[in-house]
Every structure is written in C-alpha cells, then in structure tokens.
Amino acid sequence: MKIKSVAVFCGSKNGNNPIYIKEATLVGEIAAENNITIIYGGGGVGIMKAVADGAMKKGGIVIGIIPKFLLDWEHQHKAITELIVVDDMHTRKKKLYELCDSAIILPGGFGTLDELFEMLTWNQLSIHNKKIFILNSGGFYNHLIEHLYQLEKEGFLYDKLEERISILNTVSELTPFLK
C-alpha cells in the first residue's frame, strides 16, 4: 500500500545531537518529494519545526494539529499548509491518528513516547493496522528498543515486535517505504 500521509511524532526541542534535526529535515523533504502529507503536532520549534520546514521547502503538504493551551508553549508553526487547533491533547492525538495512514517516531520526550505507545497499543488491539516506524537517529532509541525486545523475550507481547514496528537506523532505510 502506498503511504499517502504520515504522522510524525517527535520532540518540541532540538535535543543535543545535531543529527536529530538533520534527519528530521530529511524526513520532511523525502515525504514532500513523494507526495506524502506530513501530519504532526503543529509546533514551530524543535524537531517538529525541522520536519515541517523540510517538507514545506520541497513544496509538500503539512498539517499541524495543536491544542489551544500549547499555542504559546510550542509556538505553532505559522508557515505550514494547515493548522488545526483542538481543545485538548486527547483530541489532538485522535485527529493525528485519523488523518495518517502510517507513523514515524523521531527523537523526542514524554509526549513522543506516549504517542508511540498508544499507536502500538491500538495496533496490537486491531483498532488500526497502520505501519509504525522508529527512526533511531544516532542510536537515540537503543535502550528503548532493547527494552521492547525484553518485553517480547519475557512473553508480554502477542506477536513478534517486527510485526508491529519497523526499526530503522537512518533516513536512507526509511526512504524505500516512502517511495
């Protein structure tokens, strides 16, 4: 199935490793070049901004979804295709999931992990069957990936981890899925 829209879950901060911004920008650019709409949290700062800017620079479509209370905190992006302002975080996540047909997880904090695990849980429960990718830029998710395999090893997953998520270490490994 051709990916038409991808939710990108990532940080509203830059992080300490410049590769996070570099690869986030590339994700946006590659999505735009392949006519894939970016659906993201609507922020104009951090890795979120890098993804959106990368896509917009290449003429892509970027839809941001942001709750009212985060308009000041995440400084909504003012140069994207569309910004949808919602009432709360639950509505934001639901809308992100509804508009995408796949998801890419880039480096981020608690919110990013929340979105990753909700997507994985809903996938496991057959609420959706959307493809989920972790982009492990600079080894950012090494410890988390190790723990996910521990969940599998200890018998807490219903399927093999690879049936629920694709773990990629570079943008070049993601590119074939987006073409």
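To start, this report covers the structure provided alongside it.

The rules we used
Residues numbered from 1 in each chain as written. Predicted model: local features only at pLDDT ≥ 70, side-chain atom pairs only at ≥ 80, totals over all residues. Heavy atoms only, no water. Helix = DSSP H or I, 4+ residues; strand = E, 2+ residues; numbered from the N terminus. Rg over C-alpha atoms; globule rule 2.2 N^0.38 Å. Buried < 20%, exposed > 50% of the residue type's maximum accessible area, 1.4 Å probe, protein only. Salt bridge = Lys/Arg side-chain N within 4 Å of Asp/Glu carboxyl O. Core = buried A, V, L, I, M, F, W, Y, C linked by side-chain atoms within 4.5 Å. Contact = heavy atoms within 4.5 Å. Arc of directions from axis to C-beta. Pairing = 2+ DSSP bridges. Axes fitted to C-alpha atoms, helices over the stretch in contact; angles between N-to-C directions. Expected span 1.5 Å × (residues − 1). Left-handed = near helix turned anticlockwise from the far one by under 90°. Nonpolar A, V, L, I, M, F, W, Y, C, P; charged D, E, K, R; others polar.

1. Section: the overall build of the protein chain
At step 1: Helix and strand content of the protein chain: six helices and seven strands.
At step 2: Helices and strands appear in the protein chain in the N-to-C order β-α-β-α-β-β-α-β-α-β-α-β-α.
At step 3: A compact globule built from 179 residues should have a C-alpha radius of gyration of about 16 Å, and the protein chain, at 15 Å, falls within 12% of that.
At step 4: Dimensions along the principal axes, computed over C-alpha positions, put the protein chain at roughly 45 × 35 × 35 Å.
At step 5: Looking at the protein chain as a whole, 49% of its 179 residues are labelled buried.

2. As for the pattern of salt bridges
At step 1: Inspection of every chain in the model, using the stated rule, returns nine salt bridges.
At step 2: Salt-bridge contacts for Glu 33 lead to Lys 58; the nearest nitrogen and oxygen are separated by 3.3 Å. Here Glu 33, found in helix H1 (residues 18-33), pairs with Lys 58, found in the loop between helix H2 (46-57) and strand S3 (62-67); they are 25 residues apart in sequence, far enough to count as distant.
At step 3: Exposure remark for Glu 33: the relative accessible area of 48% places this residue in the partly exposed category.
At step 4: Residue Lys 58 is classed as partly exposed on the basis of its relative accessible area of 40%.

3. Some thoughts on the nonpolar core
At step 1: Counting 29 residues, the largest nonpolar core has Ile 38, Ile 104 and Leu 106 as the members making the most contacts within it.
At step 2: Secondary-structure elements contributing two or more residues to this core are strand S1 (5-9), H1, strand S2 (37-40), H2, strand S6 (131-135) and helix H6 (171-178).
At step 3: Discounting residues that sit within four places of it in the chain, Ile 104 has contacts with Val 6, Ala 7, Val 8, Phe 9, Val 27, Phe 133, Leu 135 and Leu 174.
At step 4: One finds Phe 9, Ile 84, Tyr 97 and Ala 103 within the second-largest nonpolar core, a separate group that totals 23 residues.

4. Thoughts on H6
At step 1: Restricting attention to buried positions, one finds in H6 the residues Val 171, Leu 174, Thr 175 and Leu 178. With its buried residues spanning 115° around the axis, H6 presents them on a single face. For H6, the exposed residues set more than 90 degrees away from the buried face come down to Ser 172 and Pro 176.
At step 2: Buried residues along H6 sit against H1, strand S5 (102-105), S6 and strand S7 (166-168).

5. Description of the sheet that holds S6
At step 1: In space, the seven strands of this open sheet follow the order S4-S3-S2-S1-S5-S6-S7, with parallel pairing throughout. Here the strands that pair on one side only, and so sit at the sheet edges, are strand S4 (82-86) and S7. Going across the sheet, the axis of each strand differs from the next one's by a mean of 20°, ignoring polarity.
At step 2: Bridge count for S5 against S6 is four bridges, and the pairing is parallel. The residue of S6 that forms the bridge with Ser 102 is Lys 131.

6. Quick look at helix H4 (residues 110-124)
At step 1: For H4, built from 15 residues, the straight-helix expectation of 21 Å at 1.5 Å per residue is met to within 8% by its first-to-last C-alpha distance of 21 Å.
At step 2: Immediately beyond the C-terminal end of H4, within one or two residues, lies Ser 126, with a positive phi of roughly 60°.

7. With respect to the packing of H1 against H2
At step 1: Their axes nearest at 7 Å, the elements H1 and H2 cross at an angle of 35°. Seen from above, H1 lies across H2 with right-handed handedness. Contacts from Tyr 20, Ile 21, Ala 24, Thr 25, Gly 28, Glu 29 and Ala 32 of H1 reach H2 at Gly 46, Ile 47, Ala 50, Val 51, Gly 54, Ala 55 and Lys 57.
At step 2: Partitioning the contact of H1 with H2 into residue classes produces eight nonpolar, four polar and two charged.

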